[in-house]
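Listed here are the chains, written in short residue letters.
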Amino acid sequence: MKRIGVYLAHPRPSSFNHALYQAVVDELRGRRCEVRAHDLYAEGFAPLLTAEETGTVADAGATTDPQLALHRAEVATLDALVLIHPNWWGMPPAVLTGWVQRVLAPGVAYKLGTADGEPAGLLRAGRALVLNTSDTPGTREREEFGDPLERIWAACVLPYVGVTDVRRTVFRTVTDSPADERAEWLRQAREQAAALLD
């Protein structure tokens, strides 16, 4: 049985991000996966990195924060990750950025011999699916901004922790999208989540 972590970062329960999250979780559970589903805002995940958590070389060690301990323990056991969030200022929402900084810690998600050395990814999850929503047209995103979310996930974060197969889809533009287009996007999200199991 595949174990997949699904992480949502959007504060509004009526958002299309929430619909994506529910569709992905339902699809994976329907395929008999063990799904660890986390709505980071609803759970009140604390994103602020503490002074003690700022190391990059020494193992993070144990934490007294039970929520953080749970997330660190879970992420180490996953076969794949799904990250769902909007594009806000070319960045993930702060709660997800904080999750990355606090959960994907040294000794949990990667190992460094020296501060300037090459990381060894520790996660067993070889695949990740990133689903983004955006109101920026794709051409403008690429030509003016250089698609910063692609750089964040596919170049900076996920390969660093050992995820070599990074898949990403952007649904755009969301705010004024009609119901039939949203239904098609949800179908695509289900299909892409199922493809993680191949």
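Data block above holds the structure.
Residues numbered from 1 in each chain as written. Predicted model: local features only at pLDDT ≥ 70, side-chain atom pairs only at ≥ 80, totals over all residues. Heavy atoms only, no water.

## So, the sheet that holds strand β1 (residues 3–8)
Logical step 1: Taken in spatial order, the five strands make up an open sheet running β2-β1-β3-β6-β7, and their pairing is parallel. On the outer flanks of this sheet lie β2 (34–39) and β7 (165–172), each paired with one strand and no other. Sheet twist, expressed as the average angle between the axes of neighbouring strands with direction ignored, equals 15°.
Logical step 2: Judged from the six bridges that link them, β1 and β2 form a sheet pairing that is parallel. Looking across to β2, one finds that Ile 4 is bridged to Val 35.
Logical step 3: Helix α3 (residues 66–75) contacts β1, β2 and β3 (80–86) of the sheet and is inclined by roughly 145° relative to β2. (Pairing = 2+ DSSP bridges. Helix = DSSP H or I, 4+ residues; strand = E, 2+ residues; numbered from the N terminus. Axes fitted to C-alpha atoms, helices over the stretch in contact; angles between N-to-C directions. Contact = heavy atoms within 4.5 Å.)

## Overview of the pattern of salt bridges
Logical step 1: Applying the stated criterion across every chain, the model contains 15 salt bridges.
Logical step 2: Between Arg 31 and Glu 27 there is a salt bridge, with its nearest N and O atoms 2.7 Å apart.
Logical step 3: The exposure class assigned to Arg 31 is partly exposed, which follows from its relative accessible area of 45%.
Logical step 4: A relative accessible area of 16% places Glu 27 in the buried class. (Salt bridge = Lys/Arg side-chain N within 4 Å of Asp/Glu carboxyl O. Buried < 20%, exposed > 50% of the residue type's maximum accessible area, 1.4 Å probe, protein only.)

## A short note on the packing of α3 against helix α4 (residues 94–103)
Logical step 1: Here α3 crosses α4 at 75°, and the two axes come no closer than 10 Å. Judged by the inter-axis angle, α3 sits roughly perpendicular to α4. Within the contact between the two elements, α3 uses Leu 68, His 71, Arg 72 and Val 75 and α4 uses Trp 99, Arg 102 and Val 103.
Logical step 2: Of the residues in the contact of α3 with α4, the class split is four nonpolar, one polar and two charged. (Parallel < 35°, antiparallel > 145°, perpendicular 65-115°, else oblique. Nonpolar A, V, L, I, M, F, W, Y, C, P; charged D, E, K, R; others polar.)

## Details of the nonpolar core
Logical step 1: Ranked by internal contacts, the top residues of the largest apolar core, which has 30 residues, are Tyr 7, Val 75, Leu 81, Trp 99, Leu 104 and Trp 153.
Logical step 2: When residues of this core are traced back to their parent elements, those giving at least two are α3, β3, α4, β6 (127–134) and α6 (148–157).
Logical step 3: Here the element with the most residues in this core is α4; it accounts for five residues.
Logical step 4: Apart from residues no more than four positions distant in its own chain, Trp 99 is found in contact with Tyr 7, Leu 40, Phe 45, His 71, Val 75, Leu 81 and Leu 104.
Logical step 5: Counting residues in hydrophobic clusters, the runner-up holds 22 residues, among them Ile 4, Cys 33, Ala 80 and Ile 84. (Core = buried A, V, L, I, M, F, W, Y, C linked by side-chain atoms within 4.5 Å.)

## Notes on unusual backbone geometry
Logical step 1: In this model, Arg 172 is joined to Thr 173 through a cis peptide bond whose omega is -15°.
Logical step 2: Look at Arg 32: it is not a glycine, yet its phi comes out positive at around 65°.
Logical step 3: You can see Arg 32 is positioned in the loop between α1 (16–30) and β2.
Logical step 4: With phi around 60°, Trp 89 is a residue other than glycine that occupies positive phi space.
Logical step 5: For Trp 89, the position within the fold is in the loop between β3 and α4.

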